[in-house]
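Listed below, chain by chain, are the residues.
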Amino acid sequence: MRTSLAKAEQIPEYAYFMTSGFASVVASNPDGDTAEVGLIGREGLVGGFHLLGPAKSPTEVFIQLDGTGLRIGMAQLRQAFRSSPEIQARVMEFVQSQGLVLGQIAGCHRFHEAEERLARWLLMAQDRTDSDVLYLTQEFLGMMLGARRTTVTMIAGAMQRSGLIEYNRGTVKIPNRANLIAAARDCYPVVKGLFDGLYQKEVDSW
């Protein structure tokens, strides 16, 4: 069952530090069509954008898979953000990285085919779960890709025949990560580099 952490066009009451699994950042239109525009795992903070100003985010953030996190009131986090230079620097570093990833994903949706986008998304999910096995329904994958379930079935079948994934009844197994990286084209190395580069610099060096 989907657990909502932040609704579109609302200032959330709480922020969340993910400790396992990941939260999906999803954009939608009035017709109900959706597409993922980001993932937040243990590297980040759900609600970080709301520390930077009063604007309301047009995206929703939710957990669809098993995951855990630490919750803090947004007012408490805002106070800590304003009083601690280190907290402020780290939050802004993550928000900057998330914004850059969002831009890369937007390009991925525009320039790459659905199979390439699915490969990139599965790799991002694997980075945040440290598991070769992901429990993902066709409905959820369709929501993430902005595609119909029939399209997801076709793509997953083609990727399975190519040996990129093993897919059966909501379970996706990644047998060969290197092959999946090759299938994801140039988008994944960019988002992977941003993921790996977080929090590597001392605050004073900025």
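First, a word on what this report is: a plain description of the structure on this page. Computed from a predicted structure; not experimentally measured.

## Considering the packing of aromatic side chains
Applying the stated criterion across every chain yields a total of two aromatic pairs. The interplanar angle of 80° and the centroid separation of 5.9 Å between the aromatic rings of Phe-22 and Trp-121 together place this pair among those described as edge-to-face. Of this pair, Phe-22 sits in the loop between strand E2 (14-20) and strand E3 (23-28) while Trp-121 sits in helix H3 (residues 114-129), placing them 99 residues apart in sequence. Here the two residues Phe-22 and Trp-121 agree in accessibility, since each one is buried. With 5.7 Å between their ring centres and 75° between their planes, Trp-121 and Phe-140 make a pair best called edge-to-face. Of this pair, Trp-121 sits in helix H3 while Phe-140 sits in helix H4 (residues 138-145), and the two are 19 residues apart along the sequence. With relative accessibility at 1%, the residue Trp-121 sits in the buried group. Among the aromatic residues, ring-to-ring pairing joins Phe-22, Trp-121 and Phe-140 into one connected group. Cation over ring: Arg-71 sits above Tyr-14, and NZ or CZ is 3.7 Å from the ring centre.

## A few points about unusual backbone geometry
Unlike most non-glycine residues, Glu-9 shows phi in positive territory, near 65°. Looking at the element boundaries, Glu-9 is found in the loop between strand E1 (3-6) and E2. Even without a glycine there, the phi angle at Tyr-199 is positive, about 65°. Within the secondary structure, Tyr-199 sits in the segment after helix H7 (187-197). By relative accessible area, Tyr-199 is classed as partly exposed at 34%.

The rules behind these values
Residues numbered from 1 in each chain as written. Predicted model: local features only at pLDDT ≥ 70, side-chain atom pairs only at ≥ 80, totals over all residues. Heavy atoms only, no water. Phe/Tyr/Trp six-rings, centres within 6.5 Å; stacked < 30°, edge-to-face > 60°. Helix = DSSP H or I, 4+ residues; strand = E, 2+ residues; numbered from the N terminus. Buried < 20%, exposed > 50% of the residue type's maximum accessible area, 1.4 Å probe, protein only. Lys NZ or Arg CZ within 6 Å of the ring centre and 35° of its normal.

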